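# Descriptive analysis of the structure
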Amino acid sequence: MTESQFTPRVFSGIKPSGNLHLGNYLGALKRFVDMQGPEFETIYCMVDLHAITVWQDPEKLREKTREVCAGFIAAGLDAEKSILFNQSQVAEHTQLAWIFNCVARMGWMQRMTQWKDKAGKNSQNASLGLFAYPSLMAADILIYHATHVPVGEDQKQHLELTRDIAAKFNHDYGVDFFPQTEPVIDGPAPRVMNLRDGTRKMSSSDASDMTRINMIDDSDTIAKKIRKAKTDPDALPSEVDGLEDRPEARNLVNIYAALSDQTAEQVLAEMGGKQFGEFKPMLADLAVSKLSPISSEMARLMGEEAEIDQILARGAEKARAIAAPILQQTYEIVGMVGAGKS
Ligand code: TRP
């Protein structure tokens, strides 16, 4: 199969659970927005059906779905250039996921480290949806024949599974129908770490709000969290090698670099020798100047529910225009009577 048979198309999804934080912005939203352009068609999705694999309060789920949508728009997503929508509004995802449930093997799913981590010892009590989640993820991607998927390192195994499902489907039915999707892992985006423990990822589920910068934090809160971020007593090194074994220092340098569109090397060439007492206020100023326009636009949009819902409805319509024919062809390949006729 040649890759050129498929339109270069980017797909990625964000789970609308928890607060949108700086890690989501630098690792996902900003990256996704930067991929808009002539090279790719870009399709982004709030994956609400993934969110409910663990319990979600219905009101909160609605609110978070709209919050992520507002975050995308505020971060610069152009609803004319990209397709932005909510997963449950395009039923073809779940329809293809069922087909994939019949292609994927139990053993493949049992090997998923995220399943093992999340279900833990309590796997008998985990939802069936949590177990089947990667099959729905493969459907999210392949219902658009997406060729490139920007994701974090933690999703790499799910992308490999997506390739396995595509290959087995093509092999079982003797077709060349689903592409081998490429993960796009090595963006310039760093992994943004917890402000109080540089060895852990920044997360919306951490009990302490001081460990993260939320996209809706105001300027004073952002500055305070950076001022109180954990550091060490040494000055900044002038080269990245000097950040080894200094996870908190590395994290703050990476955040500075990502927010100012520089590499960590460039930042250290300029900042090497500075103490944190000097560097932190500079980082706080930078973070406030980059993030406050986004958070105020988010706040404005979240007050305009109808505007958000309209963006989502329009996005779902555009997504369905691509997904529906692919589902019909899949049904036809599989042998469903009536497929291909409307
Ligand atoms: N599993 C992804 C995560 O937890 C979210 C996701 C769902 C996704 N479907 C996707 C990412 C399809 C990329 C493509 O982050």
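As a starting point, this report considers the structure included with it. (Residues numbered from 1 in each chain as written. Predicted model: local features only at pLDDT ≥ 70, side-chain atom pairs only at ≥ 80, totals over all residues. Heavy atoms only, no water.)

Inspection of the entire model under this criterion finds 21 salt bridges. For Arg246, the salt bridge goes to Asp232, with nearest N and O atoms at 2.7 Å. On the criterion of sequence distance, the pair formed by Arg246 in the loop between α9 (219-227) and α10 (247-259) and Asp232 in the loop between α9 and α10 is long-range, its members being 14 residues apart. By relative accessible area, Arg246 is classed as buried at 12%. Salt bridges here are not isolated pairs; linked through shared partners, they connect Asp209, Arg212, Asp217 and Lys225. (Salt bridge = Lys/Arg side-chain N within 4 Å of Asp/Glu carboxyl O. Helix = DSSP H or I, 4+ residues; strand = E, 2+ residues; numbered from the N terminus. Buried < 20%, exposed > 50% of the residue type's maximum accessible area, 1.4 Å probe, protein only.)

For helix α1 (residues 22-34), the buried fraction is high: 10 of the 13 residues fall into the buried class. Every buried residue of α1 is listed here: Leu22, Gly23, Tyr25, Leu26, Ala28, Leu29, Lys30, Arg31, Phe32 and Val33.

To continue, consider the nonpolar core. Counting residues in hydrophobic clusters, the biggest one holds 59 residues, and the most contacted among them are Leu22, Tyr25, Phe72, Leu84, Leu259 and Leu291. Considering every element that reaches this core, the biggest residue donor is helix α12 (residues 276-302), with 11 residues. A domain split of this core shows at least three residues from each of domain 1 (3-184 + 304-334) and domain 2 (209-300). Non-local contacts of Tyr25, meaning those with residues more than four positions away in its chain, are made with Lys30, Arg31, Ala75, Met215, Leu259, Leu291 and Ile294. Of all hydrophobic cores here, the second largest spans 48 residues; its members include Leu96, Met112, Ile165 and Phe177. (Core = buried A, V, L, I, M, F, W, Y, C linked by side-chain atoms within 4.5 Å. Domains from an automatic or database assignment. Contact = heavy atoms within 4.5 Å.)

Our next topic: the pairing of strand β2 (residues 41-46). With 5 of its 6 residues buried, β2 lies for the most part within the structure. Following the chain from strand β1 (residues 9-14) across α1 to the adjacent parallel β2, one finds a crossover that is right-handed. Alignment of β2 against strand β3 (residues 82-86), held across 5 bridges, turns out to be parallel. Across the sheet, residue Tyr44 finds its bridge partner in β3, namely Leu84. (Right-handed = clockwise from strand over helix to strand, strands pointing away. Pairing = 2+ DSSP bridges.)

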